[in-house]
Amino acid sequence: MQQALRRGPSLPAAPLARPAGTPPASRPAGLRPRWLVAGVAAVLVALVAGVSFGAVSLPPGSVAAELLNLIPGVRLDSGLTEREIAIVTELRLPRVVLGLLVGGLLALAGGAYQGVFRNPLADPYLLGVAAGAGLAVTVVLTLGVGAGGALTGLPVGVPLAAFVGAIGAVAMTYLLGASSGRGRSPATLILAGVAVSAFLSAGQTYLLQRNSDSIQQVYSWLLGRLATAGWHDVRLVLPYFLLTAVVVLLHRRELDVLSLGDDEAASLGLHPQRSRYLLIAAASLGTAAAVSASGLIGFVGIIVPHAVRLLAGSSYRVILPLSLLFGGAFLALTDVVARTAAAPEEIPIGVVTALLGGPFFVLVLRTSRRILG
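Procedures and definitions
- Residues numbered from 1 in each chain as written.
- Predicted model: local features only at pLDDT ≥ 70, side-chain atom pairs only at ≥ 80, totals over all residues.
- Heavy atoms only, no water.
- Helix = DSSP H or I, 4+ residues; strand = E, 2+ residues; numbered from the N terminus.
- Buried < 20%, exposed > 50% of the residue type's maximum accessible area, 1.4 Å probe, protein only.
- Contact = heavy atoms within 4.5 Å.
- Areas by Shrake-Rupley, 256 points an atom, 1.4 Å probe, with all protein chains shown as cover.
- Patch = residues over 30% accessible without salt bridge, like charges linked within 9 Å, V, L, I, M, F, W, Y side chains within 5 Å.
- Salt bridge = Lys/Arg side-chain N within 4 Å of Asp/Glu carboxyl O.
- Expected span 1.5 Å × (residues − 1).
- 1 Å grid on protein atoms, 1.4 Å probe; cavity = no way out; pocket = protein on both sides within 12 Å on 5 of 7 lines; lining within 4 Å.
- Points joined across faces, edges and corners; volume = space filled by probe spheres on them.
- Nonpolar A, V, L, I, M, F, W, Y, C, P; charged D, E, K, R; others polar.
- Axes fitted to C-alpha atoms, helices over the stretch in contact; angles between N-to-C directions.
- Parallel < 35°, antiparallel > 145°, perpendicular 65-115°, else oblique.
- Left-handed = near helix turned anticlockwise from the far one by under 90°.
- Phe/Tyr/Trp six-rings, centres within 6.5 Å; stacked < 30°, edge-to-face > 60°.
- pLDDT = per-residue confidence, 0-100.
- Bend = angle between axes of the 7 residues up to and from the residue.
- Polar contact = N/O pair within 3.5 Å; in protein donor to acceptor, adjacent residues only side chain to side chain.

### A look at the overall build of the chain
A tally of regular secondary structure across the chain gives 16 helices and 0 strands. For the chain, with 373 residues in total, the buried portion stands at 49%. Sequence separation of at least 24 residues holds for 74% of the intrachain contacts in the chain that already meet a minimum separation of 6. Only carbon and sulfur atoms are counted for the fraction: they give 65% of the accessible area of the chain, which is about 18,700 Å².

Below, the structure is given as structure tokens:
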């Protein structure tokens, strides 16, 4: 004891040095440059492949040169004839760009919904978007509303009706969730979306039964398609794409905080409900825009975010930007399969994504502990 008093109070032990190059355990891994480069490369490959292959196959090298000629100041000899150049710039390129926009929107919305609801199986059509759009399109086609001109092979009123129906269904889901008296929690919104979807789907089925002559036209839209008449569809979707991408990506860090729970998020200075409403509204707006241009294309919003989560990391700072890039590339390449697999006939793109989605869910079940843990 006397020796201890003579030595004085003991000093705390120095912390163990962290090995060089080891990141702090509390900091989630961010977006690595190699994955960003891979996403951009996937988009470029999908762009060239989508424009090159079809009823008339064109050399990918010549197509790439012609696409570079669209950049101001670039002049390359692609070796394509005037007719082939018209096929590239006026027919195939708008369709491929539309596929990139729609696929990016669906994958980004799927990743945002999965973060907001803390459910890795959340879908862009979760809040009744698909049912609302389907009912509105059925009304337009069966009652002949908007039968003037053509847009994506359907009446002009169809894309507008799909957009209004999708947004209306989301509004109904919010109102029903608020009327429960428990607030619009994630579980309440999901249940409200199921109820709204069932109600609207019943109305659609009734209309189809009463107007059986319109069934083929309605189901052609429901199965999804990317046929486009020039650049008009791209111009319609582009503003919603930009708005959705900016809002969701700017708030991607908040999804990592929300994954800790509302109490923990609030203690870190985040307003959980405000952030959740903003992200849901942005994702629903983007989904409605995608549906209005392409019909119902399933599984993109589940397949792509899951694949990114498995390969690149579980942080939403990684999942959302990569889902935007890989989602667009995935749908553009899927459209190539839809156009060429049964040529000269064209398979609905929704059928192709469904065929890919089934085996993917088998993979999800086999790796469920890693995904859901």
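### Some remarks on a nonpolar patch on the surface
A grouping of Leu-31, Leu-36, Val-40 and Leu-44 is seen on the molecular surface, where their side chains present a nonpolar patch of about 310 Å² in accessible area. The topology assignment puts Leu-44 in helix H2 (residues 33-52).

### Points about helix H13 (residues 300-312)
The terminal C-alpha atoms of H13, which comprises 13 residues, lie 18 Å apart, in line with the 18 Å expected from a rise of 1.5 Å per residue. Taken across its 13 residues, H13 has 10 buried, putting it largely inside the fold. Burial in H13 covers these residues: Val-300, Gly-301, Ile-302, Ile-303, Val-304, Pro-305, His-306, Val-308, Arg-309 and Leu-310.

### Considerations on the layout of surface pockets
There is about 360 Å³ of room inside the second largest pocket. If you go around the second largest pocket, you meet 15 residues; those closest to its centre are Gly-54, Ala-55, Arg-92, Arg-95 and Arg-339. Ranked by residue count, the leading element in the lining of the second largest pocket is helix H4 (residues 82-116), at 5 residues. Within the lining of the second largest pocket, the residues separate by chemical class into 7 nonpolar, 3 polar and 5 charged.

### A closer look at the packing of helix H6 (residues 157-178) against helix H7 (residues 186-210)
In contact at an axis separation of 8 Å, H6 and H7 are set at 130° when each is read in the N-to-C sense. Classified by the angle between their axes, H6 and H7 sit oblique to one another. Judged by the sense of rotation from one axis to the other, the crossing of H6 with H7 is right-handed. Here Ala-169, Met-172, Thr-173, Tyr-174, Leu-176 and Gly-177 of H6 come into contact with H7, specifically with Thr-188, Leu-189, Ala-192, Gly-193, Ala-195, Val-196, Phe-199 and Leu-200. Along the lines of polarity and charge, the residues of the contact of H6 with H7 split into 10 nonpolar, 4 polar and no charged.

### Remarks on the packing of aromatic side chains
Inspection of every chain in the model, using the stated rule, returns 3 aromatic pairs. Summarising the aromatic geometry, the rings of Phe-163 and Tyr-240 are spaced 5.1 Å apart at their centres and angled 45° between planes, so their arrangement reads as tilted. Of this pair, Phe-163 sits in helix H6 while Tyr-240 sits in helix H9 (residues 232-250); the two residues are 77 residues apart in sequence, bridging distant segments of the chain. Residue class for Phe-163 comes out buried when judged on its relative accessible area of 17%. Ring centres 6.4 Å apart and planes at 90° place the aromatic pair Tyr-174 and Tyr-277 in the edge-to-face group. With Tyr-174 in helix H6 and Tyr-277 in helix H12 (residues 272-294), the pair connects residues that are 103 residues apart, well separated along the chain. For Tyr-174, a relative accessible area of 16% corresponds to the buried category. On the basis of relative accessibility, which here comes to 26%, the residue Tyr-277 falls in the partly exposed class.

### Considering the confidence of the model for the chain
Confidence along the chain averages 83 in pLDDT terms, with 85% of residues attaining 70 or more. Here helix H1 (residues 2-7) stands out as the least confident element of the chain, with mean pLDDT 46; H2 is the most confident, with 96. In this model, residues 1-27 is a region of pLDDT below 50 whose contacts with residues beyond four sequence positions or in other chains number 2 contacts. In this model, residues 146-155 is a region of pLDDT below 50 whose contacts with residues beyond four sequence positions or in other chains number 22 contacts.

### Considerations on H4
Between its first and last C-alpha, H4 extends 50 Å over 35 residues, near the 51 Å set by a 1.5 Å rise per residue. Its maximal kink placed at Arg-92, H4 deviates by approximately 45°, while the proline Pro-94 follows within four residues. Counting buried residues in H4 gives 29 out of 35 residues, a clear majority hidden from the surface.

### A look at the side chain of Arg-276
Note on placement: Arg-276 falls in helix H12. Among the polar contacts listed, one links the side chain of Arg-276 to the side chain of Gln-273, at a separation of 3.1 Å. The residues touching Arg-276, leaving out its near neighbours within four places in the chain, are Val-116, Arg-118, Pro-186, Leu-258 and Asp-262.

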